[in-house]
Amino acid sequence: MQLILASASPRRRELLGLFGIPFTVRAADIDETMDPGLPPQAEVARVSKCKARAVPRAEGDVVIAADTIVVCQGRVLGKPHSRQEAVEMLTLLSGRDHQVMTGCTILAGEKETTFTEITDLHFRPLSQAEIQAYVDSGEPMDKAGAYGIQGGAALFCRRMEGDYYNVMGLPVCRLWQELRRLLPEGMEAMQ
């Protein structure tokens, strides 16, 4: 039995490492386009399911896939495609409440479970100089919503309710509980 992380994200690799279980990384190459007419929490779960199913695995292997988005005022924010888009995203988030949603899927043989973890955040008002300096750091460019809470954006967040690690891209507490529920006898085999 092998545990497979269907993601190339260094943050997800680091967070899954907290479980103390050896795992392999096999990034899924899928179209992550979401339907804007559907609820974001359902779409991010659907994308995680597609990622999990796209990864090659042997019988008995366990696959974990995740996808993270930021939602502010009904707008879904993925990873910015340009510096200008990063500035626009951070300007939208400035002084506002928003949610980080991570869809997670676990595949284990015929067993499958998918869930969406949601964390609520509030950013303090940001000056254009702060936004520009943060974008100039390069940190926002590979992160949903154009920020990393574990980095420079820690200075922006006034309030958070929910799983901090969810904001980094992997809700470790809920994922651990779901793994134990789905594989009560199999967890020991992986350790």
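Residues numbered from 1 in each chain as written. Predicted model: local features only at pLDDT ≥ 70, side-chain atom pairs only at ≥ 80, totals over all residues. Heavy atoms only, no water.

Within the chain, the regular secondary structure consists of seven helices and seven strands. Taken from N to C terminus, the helices and strands of the chain fall in the order β-α-β-α-β-β-α-β-β-α-β-α-α-α. A compact globule built from 191 residues would reach a C-alpha radius of gyration of about 16 Å, and the chain, at 17 Å, matches this within 12%. Considering only C-alpha atoms, the chain reaches an extent of 50 × 35 × 25 Å along its principal axes. Buried residues in the chain amount to 47% of all 191 residues. Taking contacts inside the chain between residues at least 6 apart in sequence as the whole, the part at least 24 apart equals 66%. Charged side chains of the chain number 21 positive and 25 negative; the gap between the two group centres comes to 1 Å. (Helix = DSSP H or I, 4+ residues; strand = E, 2+ residues; numbered from the N terminus. Rg over C-alpha atoms; globule rule 2.2 N^0.38 Å. Buried < 20%, exposed > 50% of the residue type's maximum accessible area, 1.4 Å probe, protein only. Contact = heavy atoms within 4.5 Å. Lys, Arg positive; Asp, Glu negative; His and termini not counted. Charge placed at Lys NZ, Arg CZ, Asp CG, Glu CD.)

Looking now at the environment of S82. Within the element layout of this structure, S82 appears in the loop between β4 (75-77) and α3 (83-93). Taking relative accessible area as the criterion, S82 reaches 31% and is therefore assigned partly exposed. Between the C-alpha atoms of S82 and G152, which are 70 residues apart in sequence, the distance is 19 Å.

By size, the foremost hydrophobic cluster in this structure holds 43 residues, and its most contacted members are L16, I64, Y147, L170, L175 and L179. A per-element tally of this core places α3 first, with six residues. Beyond its immediate chain neighbours, meaning those up to four positions away, L170 contacts R12, L15, L16, A66, C104, Y165 and L175. (Core = buried A, V, L, I, M, F, W, Y, C linked by side-chain atoms within 4.5 Å.)

Here we take up the packing of aromatic side chains. Taken as a whole and assessed by the stated rule, the structure comprises five aromatic pairs. Members of the aromatic cluster, connected to one another through ring pairs, are F123, Y134, Y147 and F156. (Phe/Tyr/Trp six-rings, centres within 6.5 Å; stacked < 30°, edge-to-face > 60°.)

Moving on, we come to the packing of α3 against helix α4 (residues 128-136). Orientation of α3 relative to α4, taken along the N-to-C sense of each, is 135°, at an axis distance of 10 Å. Taken as axis vectors, α3 and α4 run oblique relative to one another. The chirality of how α3 crosses α4 is right-handed. From α3, R83, A86, V87, L90 and T91 reach across to α4, where they touch Q128, I131, Q132, Y134, V135 and D136. Of the residues contributing to the contact of α3 with α4, the split by class is six nonpolar, three polar and two charged. (Axes fitted to C-alpha atoms, helices over the stretch in contact; angles between N-to-C directions. Parallel < 35°, antiparallel > 145°, perpendicular 65-115°, else oblique. Left-handed = near helix turned anticlockwise from the far one by under 90°. Nonpolar A, V, L, I, M, F, W, Y, C, P; charged D, E, K, R; others polar.)

Along helix α6 (residues 172-182), the residues classified as buried are V172, L175, E178, L179 and L182. Along the axis of α6, the buried residues cluster in a sector spanning 130°; they form a single face. (Arc of directions from axis to C-beta.)

What follows covers the pattern of salt bridges. Side chains that carry opposite charge are capable of pairing whenever their charged atoms lie near each other. Per the stated rule, a full pass over the model turns up 13 salt bridges. With a closest N to O distance of 3.1 Å, K51 and D67 form a salt bridge. Of this pair, K51 sits in helix α2 (residues 40-54) while D67 sits in strand β3 (residues 62-72), placing them 16 residues apart in sequence. Just as K51 is buried, D67 falls in that class too. The partner of E130 in a salt bridge is R124, and the shortest N-O contact between them spans 2.6 Å. We classify E130 as partly exposed; its relative accessible area is 26%. In this structure R124 comes out as partly exposed when scored by relative accessible area, which is 21%. Overlapping salt bridges bring together E117, R174, E178 and R181 as one network. (Salt bridge = Lys/Arg side-chain N within 4 Å of Asp/Glu carboxyl O.)

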